[in-house]
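# Examining the three-dimensional arrangement
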Amino acid sequence: MDFSKLKAYMDVLIRDYHTPGVDCIVYQDHEMVFRYFAGYSDIENDKAMTGNELYFIFSMTKMITCTAALQLFEQGKFLMSDPVSKYLPEFEKMKLSADEFDCGNAAKITTGGSMGEHTEEEIGGYAKNQITIKDLFTMSAGLDYDLGDDAIRGAIAEGKTSTRDIVGAMSEKVLGFEPGTRFRYSLCHDVLGALIEVWSGQTLGEYMQKHIFEPLGMKNTFFGIPKEEEKLEKMAALYAYDQDKKPKRVPLECPYNVTANYESGGAGLVSCTEDYAMFLDALSCGGVGKSGNRILASETVDLMGRNHLQGKQSEDFYQMRPGYGYGLGVRTHIDKAESGSYSPIGEFGWDGAAGAFSMVDRKNKISLTYFQHVHNWELKIQTEMRNSLYESMD
């Protein structure tokens, strides 16, 4: 394989898209076959990329949370059809909005164009459908992405700051639609994170550390801003594109970890390119990592990467990712004509609000991990990057 086209595209991101710094790793069958980093981790202080940077991975947390939950699914801790209220009783009776559902703002969250929703919805009664575990995996529960609503702020004011506390407050939300009927990018995987704590008896971070990070050798992945000075110095500066598509520095913070004790299953992790690449390599190889440790059964990885949306759900998701369906926490390729992607049907992955991108190709046992640290990026870079990879493989 000649990766000159993929390398050239990394340079395009810096030159034409004004990306401060880029870092990309490609694995094939446990072997790192491509690694390239360039640009700056800190423009203002003239710090060049070293490849050792740490990043807020934002929604790339979701794939790890869903993997953790699927491990517990394999252990028989729950069924996909189980109501969430079986494990979190406060979610039994959910209010339902009388307003017409609009998924537009939620879509902006994926590219960092918005850091959250602030919804005011008129209550139209109560939902007839119970939210199921599968609804959480597939973003079909009807929740929003508002971490600043009255219930959550009230819980924090009362000193309720744990993951379980904050997710419990989310049960006061007004659902945008009947659970299981539509798709809405939302706090579903944060709720899934609380369920992992209930099923495992551990905090979300403790569970991930023992069952994913340690088995795969991921030594630099954790929740929250690092406390150790050595790791804090490795954090890449955070930027956001302005109206002229130029990067402007923004505060180094993750608004999704709303308290020091809250571990956001949807967007709370910090990681590095090398760590996340080992995670994706494990998925591309049927659940077995480079270390030889298995984190998921091959059949479970297949289930994760299969499209689970139907009807209006699929229509909602197509607005965000044309040519893709949505599996258990991941987009999944279903239509090459719509996507314009060279990747095979079934390629899956997700991305993060600061531009991180993941791609898993089980057919070829290939994975691509890309990290940058700038919000408000353009979605088309994913297709261009993905196609540059497959052009390199011809």
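One can find the structure itself at the top, above this paragraph.
Owing to the predicted nature of the structure, the values given are computational and were not obtained by experimental measurement.

### As for the pattern of salt bridges
Oppositely charged side chains can pair when the atoms bearing their charge come close. Applying the stated criterion to the full structure yields 21 salt bridges. Across the pair Arg153 and Asp150 runs a salt bridge whose closest N-O atoms are separated by 2.5 Å. A residue pair is termed a helical-turn pair when its members lie 3 or 4 positions apart in one helix, as Arg153 and Asp150 do in helix α5 (residues 150-157) at three residues. Note on Arg153: relative accessible area 48%, which makes it partly exposed.

### Concerning the side chain of Glu347
Relative to the helices and strands, Glu347 is located in the loop between α13 (336-339) and β14 (348-349). Taking the relative accessible area as the measure of exposure, Glu347 reaches 1% and is therefore buried. Of the polar contacts made by the side chain of Glu347, one reaches the side chain of Arg331; its length is 2.8 Å. Filtering out sequence-adjacent residues up to four positions away, Glu347 remains in contact with Tyr324, Arg331, Thr332, His333, Ser341, Met359, Val360 and Arg386.

### Some remarks on the packing of aromatic side chains
Each aromatic ring pair is described using two quantities: the centre-to-centre distance and the angle formed by the ring planes. Overall, the coordinates contain 18 aromatic pairs when judged by the stated rule. Summarising the aromatic geometry, the rings of Tyr55 and Phe371 are spaced 5.1 Å apart at their centres and angled 70° between planes, so their arrangement reads as edge-to-face. In this pair, Tyr55 is assigned in strand β4 (residues 55-56) and Phe371 in strand β16 (residues 366-371), connecting sequence segments 316 residues apart. Like Phe371, Tyr55 is buried. Judged by centre distance (5.0 Å) and plane angle (70°), the rings of Phe183 and Phe317 are edge-to-face.

### A look at a negative patch on the surface
Together, Asp99, Glu100, Asp102 and Glu122 make up a region of like negative charge exposed at the surface. With respect to the helices and strands, Glu122 occurs in the loop between α3 (104-110) and β6 (123-126).

### Notes on the environment of Gly286
You can see Gly286 is positioned in the loop between α10 (273-284) and α11 (298-304). The sequence separation of Gly286 and Arg362 amounts to 76 residues, and the corresponding C-alpha distance is 7.2 Å. What Gly286 contacts, discounting residues up to four positions off in sequence, is Arg294, Leu296, Ala297, Ser298, Val301 and Arg362.

### Some points on helix α2 (residues 61-74)
Side chains three or four residues apart in an α-helix point the same way, a direct result of the helix having 3.6 residues per turn. Look at α2: 20 Å from first C-alpha to last across 14 residues, which is about the 20 Å you get at 1.5 Å a residue. Counting buried positions over the 14 residues of α2 gives 12, a clear majority of the element. For α2, the complete set of buried residues consists of Thr61, Lys62, Met63, Ile64, Thr65, Cys66, Thr67, Ala68, Ala69, Leu70, Gln71 and Leu72. Downstream of α2 by a residue or two, Gly76 has a phi angle that is positive, lying close to 80°.

### So, the packing of helix α1 (residues 4-15) against helix α14 (residues 380-392)
What describes two packed helices is the angle between their axes and the distance between those same axes. One can describe the packing of α1 onto α14 by two numbers: an axis separation of 7 Å at closest approach and a directional angle of 155°. Relative to α14, α1 is oriented roughly antiparallel. Contacts between α1 and α14 involve Ser4, Lys5, Leu6, Tyr9, Met10 and Leu13 from the first element and Ile381, Glu384, Met385, Ser388, Leu389, Glu391 and Ser392 from the second. Class assignment of the residues belonging to the contact of α1 with α14 gives a composition of seven nonpolar, three polar and three charged.

### Topic: the sheet that holds strand β11 (residues 269-271)
Pairing between the strands of a sheet comes from backbone hydrogen bonds, and it takes one of two forms, parallel or antiparallel. In space, the three strands of this open sheet follow the order β4-β11-β8, with antiparallel pairing throughout. Among the strands making up the open sheet, the edge pair consists of β4 and β8 (222-223). Sheet topology places β4 next to β11; two bridges connect them, and they run antiparallel. Pairing of Phe56 across the sheet is with Val270, part of β11.

### Considerations on the nonpolar core
By size, the foremost hydrophobic cluster in this structure holds 97 residues, and its most contacted members are Phe137, Met170 and Phe279. Counting 27 residues, the second-largest nonpolar core is a separate cluster that includes Leu6, Tyr17, Val26 and Leu389.

### Concerning the pairing of β16
Where burial is concerned, most of β16 is hidden: six out of the six residues are buried. Every second residue of β16 is oriented toward a common face, with Ile366, Leu368 and Tyr370 on one face and Ser367, Thr369 and Phe371 on the other, all of them buried. Of the pairings in the sheet, the one linking strand β15 (residues 357-361) to β16 comprises five bridges and is antiparallel in character. From the neighbouring strand, Ser358 faces β16, where its bridge partner is Thr369. Hairpin connection, β15 to β16: the antiparallel pair is bridged by four residues, and Lys365 has positive phi, about 55°.

Cut-off values and rules
- Residues numbered from 1 in each chain as written.
- Predicted model: local features only at pLDDT ≥ 70, side-chain atom pairs only at ≥ 80, totals over all residues.
- Heavy atoms only, no water.
- Salt bridge = Lys/Arg side-chain N within 4 Å of Asp/Glu carboxyl O.
- Helix = DSSP H or I, 4+ residues; strand = E, 2+ residues; numbered from the N terminus.
- Buried < 20%, exposed > 50% of the residue type's maximum accessible area, 1.4 Å probe, protein only.
- Polar contact = N/O pair within 3.5 Å; in protein donor to acceptor, adjacent residues only side chain to side chain.
- Contact = heavy atoms within 4.5 Å.
- Phe/Tyr/Trp six-rings, centres within 6.5 Å; stacked < 30°, edge-to-face > 60°.
- Patch = residues over 30% accessible without salt bridge, like charges linked within 9 Å, V, L, I, M, F, W, Y side chains within 5 Å.
- Areas by Shrake-Rupley, 256 points an atom, 1.4 Å probe, with all protein chains shown as cover.
- Lys, Arg positive; Asp, Glu negative; His and termini not counted.
- Charge placed at Lys NZ, Arg CZ, Asp CG, Glu CD.
- Expected span 1.5 Å × (residues − 1).
- Axes fitted to C-alpha atoms, helices over the stretch in contact; angles between N-to-C directions.
- Parallel < 35°, antiparallel > 145°, perpendicular 65-115°, else oblique.
- Nonpolar A, V, L, I, M, F, W, Y, C, P; charged D, E, K, R; others polar.
- Pairing = 2+ DSSP bridges.
- Core = buried A, V, L, I, M, F, W, Y, C linked by side-chain atoms within 4.5 Å.

These values are about where atoms sit, not about what they do.
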